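# Understanding the architecture of this molecule
Each chain, written out:
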Amino acid sequence: MFSQKNIAKCIDRSSIRLRLLCAMSSSIFANVPKGPAIEVFALTQAFKDDDNTKKVNLSVGAYRTEEGQPWVLPVVRKTEVGIAQDESINHEYLPVTGLETFTRAATELVLGADSNAIKEKRAFGVQTISGTGAIRVAADFLHRQLKRSTVYYSNPTWENHHKIFVDSGFTNLHSYRYWDQNNRQLDLEGMLADLEQAPAESVIILHACAHNPTGMDPTHEQWKEIANLMERKKLFPLFDSAYQGFASGDPDLDAWAIRYFVDRGFELFVCQSFAKNFGLYCERAGNLTVVQQSSATRDMIHSQLTLIIRANYSNPPAYGVRIVSKVLNTPELRKEWMECIKNMSSRIRQMRKLLRDNLVALGTPGNWDHIVNQIGMFSYTGLDQNQVNVLIKTYHIYLLKTGRINMCGLNTSNVDYVAKAIHAAVTSTPAVDNKL
């Protein structure tokens, strides 16, 4: 039987629930629908909550060491210490368009210090809230000042591309074919056919290198075909450059497509992120590089970008860009940074080879060469959603439902386990579980 004390508690709880329901019914926020979870962050939380000792996180787009830990680049740590000890640095506002030594270095990094566009003052940069902020500022400018409303992005692409352009006011959003699922390679023919249908002045989002999520980039000859079509159709290139240097270990090689388009005479935007190649994920260091036909339009463009930034977040943060600026503008530190990005890209290539070799050795059905033919952080494995579900639920391996995995989450301690789990998921043989 319930005691009077327990009955009183029940009454109190019921009263609280009733008051909450009444408060909600009268709240102006009562009808706000709950938004869907952001998949990559939901998976990361599920990984953290999982107590299985063999769990593996292949979802989040961040570099991990051989020990599976986040890595602060040694050159970044050294630079942080130097900045902290520099008493001449204060916390006053930066200019609205950012730290000039950073924007100049970032623009030179992506276009090349000997770029004619820079020498002729046809190119400049403005600091942004990482690459995402650069894309948003670019989209706002294109819609408001150039009255653009049509954008094309690859299928698949980084899921935030669509949302950013919708929120910036673009009304005609299209995808172009990119990934050939059957052959697990770039569908250049489909891509060109879809871009052929794009109206003149459409904005075309291009991944500069290490395409997210497929990891499959066009060859130099294929980039030339893409440029030929875009020039003929008068399409506007917007390059998303999130992995320069991180992809191949060579910043110049990773910027080849951008520099080729600039040399061809395109006016374009480049949205740069320094999250991956400097490990500054949470510091949100980014740059929007603008390339024009003439330096005469610089001041007008710059003034409008200033107003967009002012209305959005007023001033950019200083900490991350001070690190990037110091490293890129100091020869000995820049040399150390180059070694860091070579080490990261080299470890990723090693993991690609180990995963492919293990799958082949297991006799896993299908051709897995695409894993080593891809580049950068991500691999579009070709796994379907049912196979992904098996990996998550049975083997505690967390990856996106599209089958995209972060190669950095692999190491020599878990790659064998992951390969066997993939083999089990593909062949639907639960008995393999006993061998893991």
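Scroll up to find the structure.
Here is a short report on the structure shown in this document. What you see is a predicted model; the values in this text were computed from it and never measured.

### So, the sheet that holds strand β8 (residues 236-241)
Strand order in this open sheet of seven strands is β2-β10-β9-β8-β7-β3-β4, and the pairing throughout is mixed. On the outer flanks of this sheet lie β2 (123-129) and β4 (172-177), each paired with one strand and no other. The average undirected angle you get between the axes of adjacent strands in this sheet is 25°. Where strand β7 (residues 203-207) lies against β8, five bridges are found, and the strand directions are parallel.

### So, the packing of aromatic side chains
Going through the model one piece at a time under the given rule, you end up with 18 aromatic pairs. Relative to phenylalanine 170, the ring of phenylalanine 165 has its centre 4.8 Å away and its plane inclined at 80°; by these criteria the two rings are edge-to-face. Pair check on accessibility: phenylalanine 165 and phenylalanine 170 agree, each one buried. Judged by centre distance (6.3 Å) and plane angle (90°), the ring pair of tyrosine 243 and phenylalanine 378 falls under edge-to-face. Of the two residues, tyrosine 243 sits in the loop between β8 and α10 (251-254) while phenylalanine 378 sits in strand β11 (residues 378-380), which places them 135 residues apart along the sequence. We classify phenylalanine 378 as buried; its relative accessible area is 3%. These aromatic residues form a ring-pair network of at least three members: Trp223, Phe239, Trp256, Tyr260, Phe261 and Phe266.

### A few points about the nonpolar core
In terms of nonpolar packing, the biggest core is built from 67 residues, with Leu355 and Ile397 touching the most fellow members. Listing elements by their share of this core, those giving two or more residues are α2 (39-49), α3 (74-85), α4 (100-111), α14 (319-329), α15 (331-362), α17 (385-395), β12 (397-398) and α18 (415-427). By residue number, the principal contributor to this core is α15, which donates nine residues. Those residues in contact with leucine 355 that lie beyond four places of it in its chain are Ile371, Ile405, Met407, Leu410, Val415, Val418, Ala419 and Ile422.

### Looking at the packing of α15 against α18
Contact geometry for α15 and α18: axes closest at 9 Å, N-to-C directions at 45°. As the angle between them shows, α15 and α18 are arranged oblique. Seen along the crossing, α15 lies across α18 with a hand that is right-handed. Between α15 and α18, the contacting residues are Leu354, Leu355, Asn358, Leu359 and Leu362 on the first element and Val415, Asp416, Val418, Ala419, Lys420, Ile422 and His423 on the second. Residues of the contact of α15 with α18, tallied by class, amount to eight nonpolar, two polar and two charged.

### Remarks on the environment of serine 428
As for its position among the elements, serine 428 is in the segment after α18. Separated by 250 residues in the primary sequence, serine 428 and tyrosine 178 place their C-alpha atoms 29 Å from one another.

### Some thoughts on the pairing of β8
Burial runs high along β8: six of the six residues are buried. Along β8, one buried face is formed by Phe236, Leu238 and Asp240 and the opposite face, lined by Pro237, Phe239 and Ser241, is buried too. A crossover connection joins β7 to the parallel β8 through helix α9 (residues 220-233); in handedness this β-α-β unit is right-handed. In the sheet, β8 pairs with strand β9 (residues 268-273) via four bridges, with the strands oriented parallel. Each residue of the ladder has a partner; that of serine 241, found in β9, is glutamine 272.

### A short note on the side chain of arginine 259
Residue position: arginine 259 is located in helix α11 (residues 256-263). Its relative accessible area of 17% is what places arginine 259 among the buried residues. From its side chain, arginine 259 meets the backbone oxygen of leucine 109 in a polar contact 2.9 Å long. Here leucine 111 takes part through its backbone oxygen, which lies 3.4 Å from a polar atom of the side chain of arginine 259. For arginine 259, the residues in contact, after removing those within four places along its chain, are Glu108, Leu109, Val110, Leu111, Gly112, Gln244 and Asp252.

### Quick look at the pattern of salt bridges
Applying the stated criterion to the full structure yields 19 salt bridges. Linking glutamate 336 and lysine 78 is a salt bridge whose minimum nitrogen-to-oxygen distance equals 2.7 Å. Of the two residues, glutamate 336 is situated in helix α15 and lysine 78 in helix α3; the sequence distance between them amounts to 258 residues. On the accessibility criterion, glutamate 336 (28% relative accessible area) is partly exposed. According to the relative accessible area criterion, lysine 78 is partly exposed, its value standing at 45%. Salt bridges sharing partners connect three or more residues here, namely Lys353, Arg356, Asp357 and Asp369.

### Some details on the side chain of glutamine 127
On the secondary structure map, glutamine 127 appears in strand β2. A relative accessible area of 0% places glutamine 127 in the buried class. In this structure the side chain of glutamine 127 is engaged in a polar contact, spanning 3.0 Å, whose partner is the backbone nitrogen of leucine 99. Here proline 317 takes part through its backbone oxygen, which lies 2.7 Å from a polar atom of the side chain of glutamine 127.

### Description of the environment of valine 390
As for its position among the elements, valine 390 is in helix α17. We classify valine 390 as partly exposed; its relative accessible area is 30%. Once you skip the residues sitting within four places of it in the chain, valine 390 turns out to touch Tyr395 and Ala425.

Calculation rules
- Residues numbered from 1 in each chain as written.
- Predicted model: local features only at pLDDT ≥ 70, side-chain atom pairs only at ≥ 80, totals over all residues.
- Heavy atoms only, no water.
- Pairing = 2+ DSSP bridges.
- Helix = DSSP H or I, 4+ residues; strand = E, 2+ residues; numbered from the N terminus.
- Axes fitted to C-alpha atoms, helices over the stretch in contact; angles between N-to-C directions.
- Phe/Tyr/Trp six-rings, centres within 6.5 Å; stacked < 30°, edge-to-face > 60°.
- Buried < 20%, exposed > 50% of the residue type's maximum accessible area, 1.4 Å probe, protein only.
- Core = buried A, V, L, I, M, F, W, Y, C linked by side-chain atoms within 4.5 Å.
- Contact = heavy atoms within 4.5 Å.
- Parallel < 35°, antiparallel > 145°, perpendicular 65-115°, else oblique.
- Left-handed = near helix turned anticlockwise from the far one by under 90°.
- Nonpolar A, V, L, I, M, F, W, Y, C, P; charged D, E, K, R; others polar.
- Right-handed = clockwise from strand over helix to strand, strands pointing away.
- Polar contact = N/O pair within 3.5 Å; in protein donor to acceptor, adjacent residues only side chain to side chain.
- Salt bridge = Lys/Arg side-chain N within 4 Å of Asp/Glu carboxyl O.

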